[in-house]
Amino acid sequence: MQNRFIDSLSELPKPLATALIPLLNEEFCGHIDASQLAELVNISGMPEDKLLLSILPIAAALAKPSISEFYVGAIAKGESGDIYMGANFELSSEALFHTVHAEQSAISHAWLNGEQKIVDIIVNFSPCGHCRQFMNELVNGININIHLPGQQPQLLAHYLPYAFGPADLQVTKPLLSKSNIEFSLNSDDPMIIEAVDQAGLSYAPYTSNLASVVLETKDGHTYCGRYAENAAFNPSMMPMQMALSNLIRHNRDYSDINRAVLIESSAGKISLANATMDTLQAVSAVELEHIFVDPS
Ligand SMILES: [Zn+2]
């Protein structure tokens, strides 16, 4: 079991902790599939909604809040029945805008695994305004059930009345909608091919700047992030932040990064290159490889 879960496990009811231990192996990054979840419900004898609130300390253990030391854990439950944990991360000594919130981490975790709809968000503190706006970008976002310790579940509509969202800007396919834009690029570099595929799955309805980042670690593993824009612009999630959040969920260290690639559509109104380099420089001496690709 990974050391980062030891303290959190002691906060869980004993039967649940015992049932969870085999899942918390070296590979664990916060994804529990529907059949594993059903088994946890079975073994622990707890109803699923109570169980999900009880395992929030495990999600919070994925956090890297280097500035605040405030551990936030979230769980996104996808339409498939799988659950995806996420947690906040902050870059020490750097500007606060680099921060990823727990809800963003959990939702991006689900998106990277192919989920097309989130039905529930379970989080250990009330979602901040930024996250309420981020969630409102999702397919059927206003009807996501928000579960908080000690509170009745409420729809996002309750937490975000008079919401401004993608429909106000005539966007009809919100975040997590199925989409796959093809780009033409000749490369036999697997990391570049992966990054181009991920850029095609990204979400940039406001700038057309479809983009992705792939980080490769020294042992050859890759961790990607896709660009996820927001109708209110500022809550947009940068692909580098999503990739770093992915790396941290996998218990990897910044010092493991060996290569970093940013792919952007040549049809975009903006470029994420400067912002991406700025973030990368904060964590690694690796130089950013930056490639524009043409929609085919
Ligand atoms: Zn937040």
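Computed from a prediction, not measured in an experiment: that's the story for all the values here.

Considering the domain arrangement of the chain
Then, in step 1: Under the domain assignment used here, the chain contains domain 1 (21-169) and domain 2 (183-295).
Then, in step 2: For domain 1 versus domain 2, the distance between C-alpha centres works out to 22 Å.
Then, in step 3: Of the residues lining the interface, 27 residues belong to domain 1; the matching set on domain 2 comes to 29 residues.
Then, in step 4: When domain 1 packs against domain 2, the two sides together hide about 2400 Å² of surface, and 64% of this comes from carbon and sulfur.
Then, in step 5: Together, Trp111, Leu112 and Glu137 form the three largest contributors to the area buried by domain 1 at its contact with domain 2, with a combined 27%.
Then, in step 6: Viewed at the interface, domain 2 and domain 1 are joined by zero salt bridges.
Then, in step 7: Among the elements of the structure, strand S4 (83-87), strand S5 (89-90), helix H6 (102-112) and helix H7 (129-135) are those that each provide at least two residues to the side of domain 1 that touches domain 2.
Then, in step 8: Looking at which element gives the most residues to the side of domain 1 that touches domain 2, the answer is H6, with six residues.

Brief notes about the environment of serine 208
Then, in step 1: Assignment of secondary structure puts serine 208 in the loop between helix H9 (190-200) and strand S10 (211-217).
Then, in step 2: A relative accessible area of 39% places serine 208 in the partly exposed class.
Then, in step 3: Sequence separation between serine 208 and aspartate 197 is eleven residues, and the spatial gap between their C-alpha atoms is 16 Å.
Then, in step 4: In this view, serine 208 contacts Ser265, Ala267 and Gly268; residues no more than four positions away in its chain are not counted.

Some details on H6
Then, in step 1: For H6, the buried fraction is high: eleven of the eleven residues fall into the buried class.
Then, in step 2: When H6 is considered as a whole, its buried residues turn out to be Ala102, Glu103, Gln104, Ser105, Ala106, Ile107, Ser108, His109, Ala110, Trp111 and Leu112.
Then, in step 3: Two residues or fewer past H6, glycine 114 is found with a positive phi of approximately 90°.

Let's talk about the layout of surface pockets
Then, in step 1: If you add up the space inside the largest pocket, you get close to 330 Å³.
Then, in step 2: Lining the largest pocket are 18 residues, and of these Phe97, Asn234, Ser236, Met238 and Gln241 sit closest to its centre.
Then, in step 3: Here the lining of the largest pocket is composed, by residue class, of nine nonpolar, nine polar and no charged.
Then, in step 4: Two domains each put at least three residues into the lining of the largest pocket: domain 1 (21-169) and domain 2 (183-295).
Then, in step 5: Taken as a whole, the second largest pocket spans an internal volume of roughly 270 Å³.

Side note on the coordination of the zinc ion
Then, in step 1: Around the zinc ion, the protein supplies His101 (ND1), Cys128 (SG) and Cys131 (SG) as donor atoms, at distances of 2.1 to 2.3 Å.
Then, in step 2: Written as a sequence motif, the donor residues of the zinc ion are H-x26-C-x2-C. In this pair, histidine 101 is assigned in the loop between S5 and H6 and cysteine 128 in the loop between strand S6 (118-123) and H7, connecting sequence segments 27 residues apart.
Then, in step 3: Among the residues examined, histidine 101 registers a relative accessible area of 24% and is labelled partly exposed.
Then, in step 4: You can call cysteine 128 partly exposed: its relative accessible area is 28%.

Regarding the packing of aromatic side chains
How two aromatic rings sit relative to each other is set out by the distance from centre to centre and by the angle between their planes.
Then, in step 1: With the rule as written, the count across this model stands at three aromatic pairs.
Then, in step 2: Both rings, one in phenylalanine 70 and one in phenylalanine 125, keep their centres 4.6 Å apart while their planes meet at 35°; by these two values the pair is tilted. Here phenylalanine 70 is found in the loop between strand S2 (64-65) and strand S3 (73-78), whereas its partner phenylalanine 125 is found in the loop between S6 and H7, with 55 residues between them in sequence.
Then, in step 3: Plain terms: the ring middles of tyrosine 206 and phenylalanine 233 are 6.1 Å apart, the flat faces sit at 45° to each other, and that makes the pair tilted. Of this pair, tyrosine 206 sits in the loop between H9 and S10 while phenylalanine 233 sits in the loop between strand S11 (222-226) and helix H10 (239-249), and the two are 27 residues apart along the sequence.
Then, in step 4: For tyrosine 206, a relative accessible area of 12% puts it in the buried group.
Then, in step 5: According to the relative accessible area criterion, phenylalanine 233 is exposed, its value standing at 51%.
Then, in step 6: For lysine 64, the ring lying beneath its charged end belongs to tyrosine 254, and the centroid distance is 5.4 Å.

Quick notes on the rules
- Residues numbered from 1 in each chain as written.
- Predicted model: local features only at pLDDT ≥ 70, side-chain atom pairs only at ≥ 80, totals over all residues.
- Heavy atoms only, no water.
- Domains from an automatic or database assignment.
- Contact = heavy atoms within 4.5 Å.
- Buried area = accessible area lost by both parts, 1.4 Å probe.
- Salt bridge = Lys/Arg side-chain N within 4 Å of Asp/Glu carboxyl O.
- Helix = DSSP H or I, 4+ residues; strand = E, 2+ residues; numbered from the N terminus.
- Buried < 20%, exposed > 50% of the residue type's maximum accessible area, 1.4 Å probe, protein only.
- 1 Å grid on protein atoms, 1.4 Å probe; cavity = no way out; pocket = protein on both sides within 12 Å on 5 of 7 lines; lining within 4 Å.
- Points joined across faces, edges and corners; volume = space filled by probe spheres on them.
- Nonpolar A, V, L, I, M, F, W, Y, C, P; charged D, E, K, R; others polar.
- Donors = N, O, S within 2.8 Å, 3.2 Å for Na, K, Ca; no water.
- Phe/Tyr/Trp six-rings, centres within 6.5 Å; stacked < 30°, edge-to-face > 60°.
- Lys NZ or Arg CZ within 6 Å of the ring centre and 35° of its normal.

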